[in-house]
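The lines below spell out each chain.
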Amino acid sequence: MTLLEQYRAVRKASEAICQPLQKEDYVVQPIVDVSPPKWHLGHTTWFWEAFVLIPHHPGYKPCNPDYNYVFNSYYETIGARVVRTDRGNLSRPSVDEIYSYRQYVDEAMLRLIADGPGEQLEQIIVLGLNHEQQHQELLFTDIKYILGHNPLFPAWSDRDIDVVPSAGAGSNGFVSVPAGLYEIGYEGDGFCFDNELSRHKVYLEGFQVAATPVTNEEYLEFIEAGGYQNFVWWHAEGWDWVKKNAISSPMYWHLIDGRWHQYTMAGLRPLDGKQLLSHISYYEAVAYAAWKGCRLPTEFEWEASAGKFGWGQRWEWTESAYLPYPGFKKAEGAIGEYNGKFMVSQMVLRGASVATPAGHSRKSYRNFFQPYLRWQFTGIRIAK
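Residues numbered from 1 in each chain as written. Predicted model: local features only at pLDDT ≥ 70, side-chain atom pairs only at ≥ 80, totals over all residues. Heavy atoms only, no water.

If you check an unreviewed UniProt entry, the chain appears there as Ergothioneine biosynthesis protein EgtB from Puia dinghuensis.

## Focus on unusual backbone geometry
Which entries qualify depends on this criterion: Helix numbers and strand numbers start at the N terminus; a helix is a DSSP run of H or I with at least 4 residues, a strand a run of E with at least 2.
Look at the link from Arg92 to Pro93: it is a cis peptide, with omega at 5 degrees. One can find Pro93 in the loop between helix 3 (67–71) and helix 4 (95–114). Here the bond from Leu197 into Ser198 is cis, since omega is 0 degrees, no more than 30 degrees from zero. As for its placement among the helices and strands, Ser198 is situated in the loop between strand 2 (180–184) and strand 3 (200–204). Although it is not a glycine, Ser345 sits at a positive phi angle of roughly 60 degrees. Note on placement: Ser345 falls in the loop between strand 8 (315–321) and strand 9 (347–351).

## With respect to helix 8 (residues 282–291)
In plain terms, the rule: With a 1.4 Å probe rolled over the protein chains alone, any residue whose accessible area is under 20% of its type maximum counts as buried; one over 50% counts as exposed, and the rest are partly exposed. A contact between two residues is defined here by any heavy atoms of the two lying within 4.5 Å.
Most of helix 8 sits out of view: eight of its 10 residues are buried. Within helix 8 the residues assigned to the buried category are Tyr282, Tyr283, Glu284, Ala285, Val286, Ala287, Tyr288 and Ala289. Looking at the buried residues of helix 8, the elements they touch are helix 6 (216–224), helix 7 (236–245), strand 8 and strand 9.

## A word on the sheet that holds strand 7 (residues 267–270)
Applied cut-off: Pairing between two strands requires that DSSP report at least two bridges joining them. Only the contacting stretch of a helix is used when fitting its axis, a line to C-alpha atoms as for every element, and angles between N-to-C directions run 0 to 180 degrees.
The three strands lie next to each other as 5-6-7, forming an open sheet whose pairing is antiparallel. Since the sheet does not close on itself, it has two edges, and those belong to strand 5 (253–256) and strand 7, each with one partner. Between one strand axis and the next, the sheet turns through 35 degrees on average, direction left out of account. Judged from the four bridges that link them, strand 5 and strand 6 (residues 259–264) form a sheet pairing that is antiparallel. Bridged to Trp253 within strand 6 is Gln262.

## Some remarks on the pattern of salt bridges
Which entries qualify depends on this criterion: The term salt bridge refers to a pairing of a side-chain nitrogen on Lys or Arg with a carboxyl oxygen on Asp or Glu at a separation within 4 Å.
Evaluation of the coordinates by the stated rule reveals 18 salt bridges. With its nearest N and O atoms 2.9 Å apart, the salt bridge here joins Lys23 to Asp96. Of this pair, Lys23 sits in the loop between helix 1 (3–18) and helix 2 (37–56) while Asp96 sits in helix 4, and the two are 73 residues apart along the sequence. Lys23 gets classed as partly exposed once you look at its relative accessible area, which sits at 46%. Its relative accessible area of 45% is what places Asp96 among the partly exposed residues. In this structure, the salt-bridge partner of Glu284 is Arg374, at a minimum N-O distance of 2.9 Å.

## Section: the packing of aromatic side chains
To describe a pair of aromatic rings, you give the distance between the ring centres and the angle between the ring planes. Here is the rule: In summary, the pairing rule links any two rings of Phe, Tyr or Trp, Trp by its six-membered ring, whose centres are within 6.5 Å, and it sorts them by plane angle into stacked for under 30 degrees, edge-to-face for over 60 and tilted for everything else. Whether a charge sits over a ring comes down to the Lys NZ or Arg CZ being within 6 Å of the ring centre and within 35 degrees of the ring normal.
Tallying each qualifying case throughout the model produces 37 aromatic pairs. On the numbers, 5.4 Å between centres and 70 degrees between planes, the contact of Trp302 with Trp311 is edge-to-face. Exposure remark for Trp302: the relative accessible area of 0% places this residue in the buried category. For Trp311, a relative accessible area of 27% gives the class partly exposed. Measuring from centroid to centroid gives 5.4 Å for Trp315 and Tyr365, while their planes differ by 45 degrees, and the two rings are tilted. On the criterion of sequence distance, the pair formed by Trp315 in strand 8 and Tyr365 in the loop between strand 9 and strand 10 (367–369) is long-range, its members being 50 residues apart. No difference in accessibility class separates Trp315 from Tyr365, as the two residues are buried. In this arrangement the basic side chain of Arg87 is found over the ring face of Trp39, its NZ or CZ atom lying 3.6 Å from the centre.

Rendered as structure tokens:
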């Protein structure tokens, strides 16, 4: 696929995710971590203006000077921006204006790519495509949060895209990985994010890792055994989180008339125990693993063993803090703010999820979130 074709495909994919929405859905921001869908559409368009068109396309006139303030996310180098918690207050620009903004920028981008951007600019464009694919995953998870916290539990569509059956024996089946020296990090000539570099060696003691992630029925056993009432399984910070927020089940689980239900992208459904568990915090993942007499794998164990099991349906929590690899270097300017500035107080997840665009996942990919977050399609794979 040519770069021009890739650009067209990625831009269309973002809009396809939003196609089933009502206009009222585009503006909602229930919590700070969930951005309104129309903000995602605007921000991923602003990225092309700020990083490609304005600095590299002589004569380009920005669509609207205010959009730099509205759609900048966290780039201090670029300038002032709307506070993250205020994104839901942006009733203007309208949804129609944002789609017009996308069309305006796309026309300029398609001309620029067709003319031949050159190797250096092409690398920035490829980064931009991967950036938009990251936001496509966020669009799915943010839309699910918006609709899943609507008292009517409206469906995004009639497709249960987020419900995935377990492919194996669950946590009762483990694969063994021998002790040894393993290479970690991206290897190849394709695209990777800077936090996947540089490739380096780590020594691992022998360990075992579950062949499949935890299922709903396995986690239900933890709940019924009083897992949320017994502090012994929890980190102190996790136990405080449980008590302060009255947590007693995974996100989107609802006990209705004595029967568990689960909100999915297709609406509220009876809980299917055979499906893979999802929407779990790091705190819950650690507590469940401890209850099973196990632990979470480190991110290095996960990557070293990834060829021995199937992955890609759930982002999987690891026991590793999000830190730079040996030799990590931030790029100059705003691009350098992409990953490095977040390497504190977050835990690493590995794999991918049902919301990850095709071709966007690889075993060296490092996702990262604060340990209490669970609105992403996060699950558990245990190790020992």
